[in-house]
Amino acid sequence: MLPYASWLVWVIPTLSSLFVPLVARLGGKARDCFAVIVSLAATVFAFSMVPDVYFDTLTNPESTVPWISTLGINAGVFIDPLSVLFANLIAFFGFIIIIYSLGYMAGEEGLARYYFFMLLFIGSMIGLVMSDNFLQMFVFWEMVGLCSYSLVSFWYKRPESVGAGIKVFLMTRVGDVCLLAAIALLYASLGTFSFHDTIAKIGAVPLPTLTAVAFLMLGGAVAKSAQLPLHTWLYSAMEAPTSVSALLHGATMVKAGVYLIARLFILFGPLALSIPMWLPSVAWIGAITAFVGATLAVHTPDIKGVPAYSTISQIGFMMAALGAVSPTSSQGWFAGLFHMLSHAFFQGLGFLAIGGIVHTLGTRDMRLMGGLRKAMPITFGLSIVVMFARTGVPPFASFFSKGLIISSLWSTGDVLLVLTIYAATSVTFAYTLRSIILTFLREKSDYLKKIHLHEAPKIMLFSSGILAVLCAAWGLLGNLVAKFMHVSVEIGLSEVYSSSTLIFLIVLFLGGFPVYLTYSRKSVLIERTRRTLLAPLNTVLEHGYFFDDFYEKVIVKGFGGISKGLRRIEVTGFGRLPYFFAHGIIRIANGAHKHVENAIFNRLPQFTANGVISLAHGTREYLDVFVDEILYIAANRTLLSASKLRKTYSGSLQHFIAAALLGFLILLILIIATMFR
């Protein structure tokens with residue numbers, strides 16, 4: 001390890017960002033070279049930490065400096081396989097995106113501001129994963145949120161960009177409040193923010209408190225990693241430049257929640273497995289998000305919206321795997337992290353390829369595309385690599401990571417959980433194939449006939465090519481990654497010929513074949529079905545399952561109504577209160593209504609006391625009767641349900657549920673595949 005590498009890997013990009021405006025005064029080339037050199041330096045320092053962690057030769061894994069001396073809080077770094085893995089991914093990916101930006105952002109206004117926030121983004125995210133205490137981690141957690149808001153709103157002259165940035169900032173703040181509350185609870189119990197002290201003292205935290213901490217931190221992860229129900233901000237964030245989207249999805253903000261959940265398993269140790277309903281909650285939030293995100297991706301006409309919803313879905317895969325950790329195996333923990341790496345490469349490549357398309361066409365609407373296979377053959381090849389890597393076609397990396405995820409979910413014994421992930425896998429192939437057909441394979445649209453089509457700039461293709469190689473080769477490095485993470489998991493090419501691979505390919509076929517019939521063969525039967533039976537489902541997908549409608553009409557307008565009501569009371573009521581008060585004082589002073597005053601104020605306490613007593617008696621009697629009735633109804637319903645369940649043979653019930661779910665999922669996949677773009 002290079003001297004002080006664990007500090008310099010995040011200090012250099014963070015502090016260097018402050019000098020970007022000064023260097024920019026020397027010229028655009030000086031500014032661009034400065035950004036490249038800084039990101040390269042961070043990558044070198046990150047790579048230098050790998051050998052010591054891989055061979056377990058760290059002599060001093062803990063390094064701290066005084067920070068808040070009055071409270072005895074130090075700033076430090078926490079060097080372990082998890083932190084070094086994330087640091088390398090963030091630094092390397094940031095370097096690739098900075099190079100890509102040289103071509104994609106060429107000629108844009110405000111590039112000093114752009115590179116300032118990009119370097120700060122990279123440094124803050126690395127600082128987050130390298131922090132050795134919760135307080136320091138939370139500071140970087142907020143800095144990451146600030147950078148994402150600023151970069152999403154980079155084109156601030158566009159109202160939609162500003163609105164998207166505000167939405168990102170506000171929705172993720174919900175998770176930030178949850179995380180801060182969890183940190184405060186943990187500090188109140190342990191008296192420390194340190195990760196090392198937390199590991200040593202976590203057994204002293206009462207189980208109810210630990211449960212509250214775990215679920216609050218899950219809330220922080222859900223918001224930051226765009227999981228249900230706080231997922232809608234990630235699609236809105238597509239108003240950012242595509243280079244920002246690639247960094248946001250591939251290695252920074254949305255991966256922070258995955259890191260947090262993975263870190264909790266290390267900090268809480270075996271106690272994490274004993275927290276009531278926490279692991280099933282993590283797994284089910286991930287599984288449902290994986291399926292919902294995939295269905296939204298198969299419907300959107302926005303070429304950037306496809307990888308946006310795809311990221312929501314793929315992070316759901318990671319969360320589902322993390323929730324499948326068992327006392328005897330950490331396979332789910334490793335599966336989630338390995339898929340996190342696979343996702344970074346193929347999703348990053350997808351955004352870089354899309355950036356070249358948008359850069360050339362000037363539109364994100366796939367309905368205006370088509371026939372790009374001949375005009376942009378290199379981009380087409382890169383997109384095919386994305387399709388194979390994202391869907392998990394062997395031997396690409398996500399084939400192995402998704403195989404590990406499914407295997408870990410089977411170990412939980414929850415068949416419905418596995419079927420949900422299989423359904424999400426099938427729809428993943430559907431939306432990826434659909435975007436390939438609409439963009440490259442169908443006939444050229446009238447819009448494109450008016451445009452001079454050409455390949456993306458070479459610097460953009462060079463950056464994309466590096467990620468394409470990693471997408472193809474990363475699966476072969478799975479055993480090295482497992483050894484680096486100190487996890488006993490075997491990944492080999494022999495798995496390609498297993499029976500599970502056949503099942504996996506059948507699942508992909510179920511998702512892809514209807515898309516082929518819909519968009520290539522233009523099946524009349526599917527068209528009729530779409531027009532007659534699927535209009536309601538089409539409406540649901542068009543509105544994104546009505547999440548944003550709910551937030552807008554219920555939460556935003558609800559709080560707006562309350563604010564207006566309070567304002568009206570303030571203006572019409574409290575605003576006139578001084579006048580009435582002064583007028584009353586004058587009249588009392590004149591003695592005009594002195595006898596009325598005496599009559600009222602002498603008897604008011606007695607009337608008030610009698611009223612309160614009567615109300616209390618009436619309320620108690622009403623509540624007693626109401627609670628008795630509720631308990632009586634609940635008891636009768638419970639006994640009736642129990643008597644019916646006794647008559648049902650459990651094995652037959654399980655078989656019936658499995659058959660019904662399988663039929664429902666297959667039918668749903670076929671239905672979704674017929675949606676209009």
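Residues numbered from 1 in each chain as written. Predicted model: local features only at pLDDT ≥ 70, side-chain atom pairs only at ≥ 80, totals over all residues. Heavy atoms only, no water.

(A) Spotlight on the overall build of the protein. Each helix and strand in the protein was counted, giving 30 helices and two strands. Counting only residues that meet the buried cut, the protein has 51% of its 677 residues in that class. Long-range pairs, those at least 24 residues apart, make up 82% of the contacts in the protein between residues at least 6 apart in sequence. Summing over all exposed atoms, the protein offers an accessible surface of approximately 30800 Å²; the carbon and sulfur share of this is 69%. (Helix = DSSP H or I, 4+ residues; strand = E, 2+ residues; numbered from the N terminus. Buried < 20%, exposed > 50% of the residue type's maximum accessible area, 1.4 Å probe, protein only. Contact = heavy atoms within 4.5 Å. Areas by Shrake-Rupley, 256 points an atom, 1.4 Å probe, with all protein chains shown as cover.)

(B) Expanded view of the packing of aromatic side chains. Per the stated rule, a full pass over the model turns up 25 aromatic pairs. Ring pairs connect the aromatic residues Tyr-114, Tyr-115, Phe-154 and Trp-155, which therefore count as one cluster. The residue whose ring lies beneath Lys-402 is Phe-317, and the NZ or CZ to ring-centre distance is 5.0 Å. (Phe/Tyr/Trp six-rings, centres within 6.5 Å; stacked < 30°, edge-to-face > 60°. Lys NZ or Arg CZ within 6 Å of the ring centre and 35° of its normal.)

(C) Expanded view of helix H22 (residues 458-473). For H22, which comprises 16 residues, the first-to-last C-alpha distance of 22 Å matches the rise-based estimate of 22 Å (1.5 Å per residue) to within 8%. Contacts made by the buried residues of H22 are with helix H5 (81-104), helix H16 (331-361), helix H18 (377-391) and helix H19 (397-410). (Expected span 1.5 Å × (residues − 1).)

(D) Layout of the environment of Gly-370. Within the element layout of this structure, Gly-370 appears in the loop between H16 and helix H17 (372-375). If we skip the residues at most four places from it in the chain, Gly-370 touches Leu-438, Thr-439, Arg-442, Glu-443, Lys-444, Ser-445 and Leu-448.

(E) Just H19, in detail. In this model, H19 (14 residues) spans 20 Å end to end at C-alpha, consistent with the 20 Å of a helix rising 1.5 Å per residue. Of all 14 residues in H19, eleven are buried, a share of seventy percent or more. All buried positions along H19 are accounted for by Ala-397, Ser-398, Phe-399, Phe-400, Ser-401, Lys-402, Leu-404, Ile-405, Ile-406, Ser-408 and Leu-409. Contacts made by the buried residues of H19 are with helix H15 (305-322), H16, H18, helix H20 (415-441), H22 and helix H24 (499-519).

(F) Representation of the environment of Leu-361 in the model. In this fold, Leu-361 is placed in helix H16. Residues Leu-361 and Tyr-447, 86 residues apart in the sequence, show an inter-C-alpha distance of 9.2 Å. Once residues lying within four places of it in the same chain are set aside, the contact partners of Leu-361 are Met-369, Leu-372, Tyr-447, Leu-448, Ile-451 and Leu-453.

(G) Layout of the pattern of salt bridges. Going through the model one piece at a time under the given rule, you end up with eleven salt bridges. For Asp-80, the salt bridge identified is with Arg-263, shortest N-O distance 2.7 Å. Of this pair, Asp-80 sits in the loop between strand S2 (73-78) and H5 while Arg-263 sits in helix H13 (residues 253-268), and the two are 183 residues apart along the sequence. Pair check on accessibility: Asp-80 and Arg-263 agree, each one buried. Arg-367 is the salt-bridge partner of Asp-365, the closest N and O atoms lying 3.0 Å from each other. Taken together, the shared-partner salt bridges in this structure form one network comprising Glu-142, Arg-173, Asp-176 and Lys-224. (Salt bridge = Lys/Arg side-chain N within 4 Å of Asp/Glu carboxyl O.)

(H) Structural detail: the packing of helix H12 (residues 242-250) against H16. Contact pair H12 / H16: the axes reach a minimum separation of 9 Å and the direction vectors enclose 170°. By the angle between their axes, H12 is roughly antiparallel relative to H16. Residue-level contacts link Thr-242, Ser-245, Ala-246, His-249 and Gly-250 of H12 to His-343, Ala-344, Gly-348, Phe-351, Leu-352 and Gly-355 of H16. Of the residues belonging to the contact of H12 with H16, the class tally is four nonpolar, seven polar and no charged. (Axes fitted to C-alpha atoms, helices over the stretch in contact; angles between N-to-C directions. Parallel < 35°, antiparallel > 145°, perpendicular 65-115°, else oblique. Nonpolar A, V, L, I, M, F, W, Y, C, P; charged D, E, K, R; others polar.)

(I) Looking closely at the side chain of Thr-192. Secondary-structure assignment places Thr-192 in the loop between helix H8 (159-190) and helix H9 (195-201). Discounting chain neighbours no more than four positions away, the residues touching Thr-192 are Tyr-187 and Asp-197.

(J) Region of the structure containing the side chain of Lys-304. Residue position: Lys-304 is located in the loop between helix H14 (278-297) and H15. A polar contact is formed between the side chain of Lys-304 and the backbone oxygen of Met-238, at a distance of 2.9 Å. Once residues lying within four places of it in the same chain are set aside, the contact partners of Lys-304 are Met-238, Ala-240, Pro-241, Thr-242, Ser-245, Phe-351, Ile-354 and Arg-364. (Polar contact = N/O pair within 3.5 Å; in protein donor to acceptor, adjacent residues only side chain to side chain.)

(K) Region of interest: a nonpolar patch on the surface. Among the surface-exposed residues, Phe-550, Val-554, Ile-555, Val-556, Phe-559, Ile-562, Leu-566 and Ile-569 lie close enough to one another that they form a single nonpolar patch of about 770 Å² accessible area. With respect to the secondary-structure elements, Phe-550 resides in helix H27 (residues 547-574). (Patch = residues over 30% accessible without salt bridge, like charges linked within 9 Å, V, L, I, M, F, W, Y side chains within 5 Å.)

(L) Region of interest: the packing of H19 against H20. Packing of H19 against H20 leaves a shortest axis separation of 8 Å and a crossing angle of 160°. With respect to each other, H19 and H20 are oriented roughly antiparallel. Along its contact with H19, which presents Lys-402, Ile-406, Leu-409 and Trp-410, the element H20 presents Val-415, Leu-417, Val-418, Ile-421, Tyr-422 and Thr-428. Tallied by class, the residues present in the contact of H19 with H20 amount to eight nonpolar, one polar and one charged.

(M) Just the confidence of the model for the protein, in detail. Looking at the protein, pLDDT values average 84 and 83% of them are 70 or higher. Looking at the elements of the protein, mean pLDDT is at its lowest for helix H30 (residues 650-673), recorded as 42, and at its highest for helix H6 (residues 111-130), recorded as 97. Considering only residues more than four positions removed or in separate chains, one finds that residues 622-631, a stretch of pLDDT under 50, has zero contacts. (pLDDT = per-residue confidence, 0-100.)

(N) Representation of unusual backbone geometry within the structure. Along the chain, Leu-228 connects to Pro-229 via a cis peptide bond; the corresponding omega equals 0°. The topology assignment puts Pro-229 in the loop between helix H10 (207-224) and helix H11 (232-236). Cis rather than trans, the peptide bond between Pro-394 and Pro-395 has omega equal to 10°. If you trace the backbone, Pro-395 turns up in the loop between H18 and H19. We note that Ala-226 has phi near 55°; this positive angle belongs to a residue other than glycine. As for its placement among the helices and strands, Ala-226 is situated in the loop between H10 and H11. For Ala-226, a relative accessible area of 0% puts it in the buried group.

(O) Broad picture of the environment of Leu-409. Tracing the backbone shows Leu-409 in helix H19. Each C-alpha atom, one on Leu-409 and one on Gly-332, is 7.6 Å from the other, the two residues being 77 residues apart in sequence. Leu-409 has contacts with Ala-320, Ala-324, Asp-414, Leu-417, Val-418 and Ile-421, leaving out every residue within four places of it along the chain.

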